[in-house]
Amino acid sequence: MRRWLDLEEPLSKAANWESALQESRNRLAGADRVLVTGRIRSVESSRGAIRIAQKFDATLDLWDSDAAFESIAAFQRTGGMTVSLGEARGLSQGIVVIGGDELLEDYPKLPMALSRGESVPVLLLGRWSDRGCKPWLDEGFEVLAIDTPIEELPRSLIEACKCNSQPAWGDQVNRWLHPLGYTSVAWSLKHLALQQADLWVEELNRWIAMRNESGRCGGLAWGDLEGTFQQVCTWWTGFPGRIRFQRGVCGYDPTVHASSQWLDQCTAPRSLRSLVLWIDDSFDEIPSCVVEADCDRVVVGARRPVPHPNTIWLPSLRAGLGLDSQFFRGDSAILVHGRDPLTINKSLPSVHEWLQGILEP
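As the structure is a computational prediction, the values presented were derived from the model and not from experiment.

Enquirer: Quick one: what's the story with the pairing of strand β12 (residues 311–315), residue by residue and with numbers?
Expert: Buried residues dominate β12, accounting for four of its five residues. Summarising the sheet, strand β11 (residues 296–301) and β12 pair through five bridges and their orientation is parallel. Opposite V298, over in β12, you have I312 as the bridge partner.

So, in structure tokens, the structure goes:
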């Protein structure tokens, strides 16, 4: 890091950055409790976060990871039959999409990504308006939208496949599904706002298994860029996150090692010195509960945090903007390389370079 700064930056800025980097090292080394969290989205940032957590015996958990771990818990307990985006697009004779308009607000190109250029039936279950149906129609899908409560949907689908106790719309769903030999079911758990979401996923996986008794059916559990971290963390540690290192050895407990629980402990009378290392590959604001927590903070990211005596900011380029970065696609099946040709500031280090600087003084 020092050599890079000396070559690329005026001496005054390089000195300021080196000072901030050294203070970050000192605070991490002097902390009794460390949380490594944030919006970690690239392979490079994920690797750096894991190495730092291991070095400083930290708790490691992505920010806002509850939905991901609801899904992870379901698959860990019962398994599931999944498909990739390419398989869903290329082989499906019909596609079931669970959710509503808000799914396309975050993933507006999903209909295009699932279209193979010919008319394929798509069954939209949940809360879909005419506006939400239009992108599917524009891509040539044959659309059937049914307004139904999301919470009860897996059980209703199971009952619809039986000969008795069918819901009011069961006949219509069965007529739609019956001629289809290959079906893909897509959903994004974070957009469904479910109670006991892990049990919901288990029931949906049970229906998918039932469909495979007479045909082929797979689940496309769509995620966001944070899935990259969970993939990398699993490579390195055997666990998808929510781990705590002790003497370099990690322990996994998704019910204990959550970032929100770690922060809650900062509100109690402090007998230990706590520090949050916030790593951000996005340009979003840092959550207020992190900013207001009674602890030190080291922020590595593109967006300037609210000034505070306990906060050190290490300004960086945003992942994929001005530098090559690697991300996993939303189906966690394909590793893609991302770089935006528009560069905000080539003189800034990347998140990965800052993390390397903390690790290797």
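Enquirer: An account of the pattern of salt bridges is needed here, citing residue identities and associated values.
Expert: All told, the structure shown has 21 salt bridges when counted by the stated rule. One salt bridge in this structure joins R51 and E360, with 3.5 Å as the shortest N-O distance. Taken together, the positions of R51 in helix α3 (residues 43–55) and E360 in the segment after α15 (351–359) put the pair 309 residues apart, joining distant regions of the chain. The exposure class assigned to E360 is partly exposed, which follows from its relative accessible area of 45%. Between D147 and R127 there is a salt bridge; the shortest N-O distance is 2.3 Å. Here R127 lies in strand β4 (residues 121–127) and D147 lies in strand β5 (residues 142–147), a separation of 20 residues in the sequence. Linked through salt bridges whose partners overlap, the residues forming this network are E23, R27, R273 and D296.

Enquirer: Account for the nonpolar core, with residues named and values stated.
Expert: Counting residues in hydrophobic clusters, the biggest one holds 37 residues, and the most contacted among them are V36, I52, L60, L277, I279, V300 and L314. Once residues within four sequence positions are removed from consideration, I52 is found in contact with V36, L277, L355, I358 and L359.

Enquirer: So what about the sheet that holds strand β7 (residues 216–221)? Which residues, and what values?
Expert: Strands sit in the order β5-β4-β3-β6-β7 across an open sheet of five strands; the sheet is parallel. Edge positions in the sheet fall to β5 and β7, since each of these pairs with one other strand and no more. Along the sheet, successive strands turn relative to each other by an average axial angle of 20°, direction set aside. One ladder, built from four bridges, connects strand β3 (residues 94–100) with strand β6 (residues 182–187); its direction is parallel. Across the sheet, V96 pairs through a bridge with V185, a residue of β6. Strands β3, β4 and β5 of the sheet are contacted by helix α8 (residues 130–138), whose axis makes an angle of about 160° with β5. Strands β3, β6 and β7 of the sheet are contacted by helix α11 (residues 197–211), whose axis makes an angle of about 170° with β6.

Enquirer: Quick rundown of the confidence of the model for the protein? Include the residues and the values.
Expert: Scored by pLDDT, the protein comes out at a mean of 87, with 88% of its residues at no less than 70. The spread of mean pLDDT over the elements of the protein runs between helix α1 (residues 2–8), the lowest at 40, and strand β2 (residues 59–60), the highest at 98. For residues 1–12, every residue scores under 50 in pLDDT, and the model assigns this stretch 17 contacts once sequence neighbours within four places are set aside.

Enquirer: Break down unusual backbone geometry for me, citing the residues and quoting the values.
Expert: Positive phi is not limited to glycine here, since A193 has a value of about 50°. Tracing the chain through its elements places A193 in the loop between β6 and α11. With phi around 50°, R242 is a residue other than glycine that occupies positive phi space. With respect to the secondary-structure elements, R242 resides in the loop between α12 (227–237) and β8 (243–246). Given the relative accessible area of 6%, R242 is considered buried.

Enquirer: Can you tell me about the side chain of D198, naming the residues and giving the values?
Expert: Summarising the element assignment, D198 is placed in helix α11. You can call D198 buried: its relative accessible area is 15%.

Enquirer: Before we move on, could you go through the sheet that holds β11 and cite the residues and values that matter?
Expert: Here seven strands make up an open sheet; going across it, the order is β9-β8-β2-β1-β10-β11-β12 and the pairing mixed. Each edge of the sheet is formed by a strand with only one pairing partner; in this case those strands are β9 (249–252) and β12. Both strand β1 (residues 33–39) and β2 contribute to a ladder of two bridges, which runs parallel. If you follow L35 over to β2, its bridge partner there is T59. Strands β2, β8 and β9 of the sheet are contacted by α12, whose axis makes an angle of about 35° with β8.

Enquirer: So what's going on with the packing of α3 against α12? Which residues, and what values?
Expert: In contact at an axis separation of 9 Å, α3 and α12 are set at 50° when each is read in the N-to-C sense. Taken together, α3 and α12 sit at an angle that is classed as oblique. In this structure, α3 meets α12 at a crossing whose hand is right-handed. Of the residues in α12, those in contact with V43, S46, R47, I50 and R51 of α3 are T228, F229, V232, C233, W235, W236 and T237. Split into classes, the residues belonging to the contact of α3 with α12 amount to seven nonpolar, three polar and two charged.

Enquirer: Kindly report on the packing of aromatic side chains, identifying the contributing residues and their values.
Expert: Taken as a whole and judged by the stated rule, the model has eight aromatic pairs. Where W17 meets W354, the ring centres are 5.7 Å apart and the plane angle is 70°; that geometry is what we call edge-to-face. You can see W17 sitting in helix α2 (residues 11–30) and its partner W354 sitting in helix α15, a full 337 residues away along the chain. The residues W17 and W354 share a single accessibility class, namely buried. Between F239 and Y252 the ring centres are 4.9 Å apart and the planes differ by 10°, which places this aromatic pair in the stacked class. Of this pair, F239 sits in the loop between α12 and β8 while Y252 sits in strand β9, placing them 13 residues apart in sequence. With relative accessibility at 23%, the residue Y252 sits in the partly exposed group. Three or more aromatic residues joined by ring pairs form one cluster here, namely W128, W136 and F141. Here R33 stacks its cationic end above the ring of W262, 4.2 Å away from the centre of that ring. It is R303 that lies over the ring of F283; its NZ or CZ is 5.5 Å from the centre.

Parameters at a glance
- Residues numbered from 1 in each chain as written.
- Predicted model: local features only at pLDDT ≥ 70, side-chain atom pairs only at ≥ 80, totals over all residues.
- Heavy atoms only, no water.
- Buried < 20%, exposed > 50% of the residue type's maximum accessible area, 1.4 Å probe, protein only.
- Helix = DSSP H or I, 4+ residues; strand = E, 2+ residues; numbered from the N terminus.
- Pairing = 2+ DSSP bridges.
- Salt bridge = Lys/Arg side-chain N within 4 Å of Asp/Glu carboxyl O.
- Core = buried A, V, L, I, M, F, W, Y, C linked by side-chain atoms within 4.5 Å.
- Contact = heavy atoms within 4.5 Å.
- Axes fitted to C-alpha atoms, helices over the stretch in contact; angles between N-to-C directions.
- pLDDT = per-residue confidence, 0-100.
- Parallel < 35°, antiparallel > 145°, perpendicular 65-115°, else oblique.
- Left-handed = near helix turned anticlockwise from the far one by under 90°.
- Nonpolar A, V, L, I, M, F, W, Y, C, P; charged D, E, K, R; others polar.
- Phe/Tyr/Trp six-rings, centres within 6.5 Å; stacked < 30°, edge-to-face > 60°.
- Lys NZ or Arg CZ within 6 Å of the ring centre and 35° of its normal.

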